[in-house]
Amino acid sequence: MIMEENLLKTCLYDKHVALGALMSPFGGFIMPIQYTNITDEHNAVRHRAGMFDVSHMGEIFVSGPDAEKYVNHVFSNNIEGMEDGKILYGMMLNHEGGTVDDLLVYKEFEPDHYLLVVNASNIAKDYDWLCAQTEGYDVKVVNASDSWGQIALQGPEAEKYAVGTLGLAPAAELGFYTYYEAEHKGERMIVSRTGYTGEDGFEIYASHEAINEMWDILLDAGVVPCGLGCRDTLRFEAGLPLYGHELADDITPLEAGLGMFAKVKDKSDFIGRDALVAQKEAGLTRKSVGIELQDKAIPRAGYPVEVDGVQVGVVTTGYRSISTDRSVCVALVDKAYTELGTKVEIRIRKKVFPGIVTKRRFYETNYKK
Amino acid sequence: MAKTVEGLYYSESHEWVKVEGNVAVIGITDFAQHAMGDLSYVDMPEVDDELVAGEEFGAVESVKAASDLFCPVSGTVVEINEALEDAPELLNEDAFANWIMKVEMSDPSELEALMDVAAYEAMCANE
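To start, this report covers the structure provided alongside it. Fair warning: this is a prediction, and the values are worked out from it, not measured in the lab.

1. Things to note about the sheet that holds strand β10 (residues 179-184) of chain A
Residues and elements named next belong to chain A. Here six strands make up an open sheet; going across it, the order is β10-β11-β12-β9-β3-β13 and the pairing mixed. The open sheet has two free edges, formed respectively by β10 and β13 (224-225), since each of these has just one partner strand. Strand direction decides the pairing type here: strand β11 (residues 187-192) and strand β12 (residues 201-206), joined by three bridges, are antiparallel. Considered in β12, the bridge of I190 is made with Y205.

Rendered as structure tokens:
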């Protein structure tokens, strides 16, 4: 059990406490789960604008003459020839093809410079993993997670607040998965059109001081502070994976249904590639699917998926979807039961409830093109 | 401060019991609904189910989590509050006015193991 005194605090910790947030451990940090309630915060992001403290995310900088070759060696997506200011999503895999972490790679506005944004719970593991792969590459790997704060400003009105309230005029010109960089009181600030909600929005990286300042300005302007509770319901509806649930050290991107981010055909080398090729040739034995229940009972992570009383899978995330008011989940299921429309059952406490295999996305996303 | 009601029996797992003859009317306390937040589903037993004191009989669920319900007394379910199937939020609005089930007790002496309102308030104050 993690003792509360060992938990890390983000630079916005005092703001959360002052707002009366319900605080809970997440990824080694003490984080706000909700300020008012999950449903209201979820709806604020879907219909207006909300902001999240995501300062717990990790920032690892890679630079040096071999930076491109090195990042392409550890990263499943293809960064070769990536333009400055572009961002790519993908995974770092272990040699068995399992997922070390899923992350964003930012091509910085300097030759041979990349920023890797990783999950809070995996910062130490990722940094160790990255350092262990540098042999033969002339690169420098720096974990700068402690010196950056981050706000995710999300929702259909995010651009209005980024430009009008924060004065980040260039944000309006950003396409999805691109960023720009500026100076904020002499320190670096990164603004990217990215997020984890299925809505348009921005992720703003800056110094602790600048992040505190922007948080207050957005709060005064009426942006709703949102906790990790609705961050999870939002990303889940949008079909986005959460490490530790849909992805893990023993789950490959092919099994997770994220093969499009593992460029087995375009790239001749990256760690885990051989394992993915072998898995493709042998055929998958299990795959991540969506399941919708007819009943109102709520499927939750860890509940068994069954067919004729025999377990054929396990729920990785599930909710009564706030946006669609349906009981839905993502589950990792034996390949034989992954066709759309397949009838399965989910065991919830003492009863089983009938469900139907669906797509993993339960909500139509509204990204800026 | 969570609301309590005089004259009821209370369990350590935050269920309340109102005795009507040989029938125990059972719900969750205001403290419990407050701790759970907005409820989105109540998993109830079926009429004629045989329940044993201390064992799980259902659950209340918020967006975030499921919390098991434990039966304070043994007996047979004679009625469930079907209104909760479509309106679980009734428990948030008034946890004492909205019962979950009625149980025909097989051993009313089990009530003696439960707390009175003063003991329950003291327990909540320490949580």
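2. Describing the side chain of T252 of chain A
Residue and element names in this part refer to chain A. By the element assignment, T252 lies in the loop between α7 (228-237) and α8 (273-282). Using a relative accessible area of 5% as the deciding quantity, one classes T252 as buried. Side chain to side chain, T252 and Q279 meet in a polar contact 2.7 Å long. Residue contacts for T252: discarding those within four places in its chain leaves E96, G97, G98, T99, L276 and Q279.

3. Considerations on the nonpolar core
Residues and elements named next belong to chain A. Grouped together as the largest cluster of nonpolar side chains are 43 residues, with contacts concentrated most on F52 and Y106. Only α2 (38-47), β5 (87-93), β6 (99-107), β7 (113-118), α7 and β17 (327-334) provide two or more residues apiece to this core. Counting residues per element, this core draws most heavily on β5, which supplies four residues. Not counting the four nearest positions on each side in its chain, F52 is found in contact with V45, Q150, I151, A152, Q154, T197, W215, C226, G227, C230, R231 and L234. Within the second largest apolar cluster, 26 residues are counted, among which are I151, L168, A206 and L218.

4. Considering unusual backbone geometry
Residues and elements named next belong to chain A. Positive phi outside glycine occurs at D112, with the angle close to 65°. You can see D112 is positioned in the loop between β6 and β7. Residue classification places D112 among the partly exposed residues on the basis of a relative accessible area of 33%. Positive phi, close to 50°, is recorded for D325, a residue that is not glycine. Positionally, D325 belongs in the loop between β16 (310-320) and β17.

5. Focus: the interface of chain B and chain A
At the interface, 17 residues of chain B touch 18 residues of chain A. At the surface where chain B touches chain A, the tally comes to five salt bridges. When the shortest N-O distance is used, the salt bridge between D86 of chain B and K296 of chain A registers 3.4 Å. Summed over the shared surface of chain B and chain A, the number is 13 residue pairs in polar contact (both at pLDDT 80 or more). Only β4 (39-43), β6 (56-62), β7 (66-70) and α2 (83-86) of chain B provide two or more residues apiece to the side of chain B that touches chain A. The biggest single contributor to the side of chain B that touches chain A is β6 of chain B, with five residues.

Calculation criteria
Residues numbered from 1 in each chain as written. Chains lettered and ligands numbered in written order. Predicted model: local features only at pLDDT ≥ 70, side-chain atom pairs only at ≥ 80, totals over all residues. Heavy atoms only, no water. Pairing = 2+ DSSP bridges. Helix = DSSP H or I, 4+ residues; strand = E, 2+ residues; numbered from the N terminus. Buried < 20%, exposed > 50% of the residue type's maximum accessible area, 1.4 Å probe, protein only. Polar contact = N/O pair within 3.5 Å; in protein donor to acceptor, adjacent residues only side chain to side chain. Contact = heavy atoms within 4.5 Å. Core = buried A, V, L, I, M, F, W, Y, C linked by side-chain atoms within 4.5 Å. Salt bridge = Lys/Arg side-chain N within 4 Å of Asp/Glu carboxyl O.

Keep in mind that these numbers describe shape and distance, not what the molecule does.
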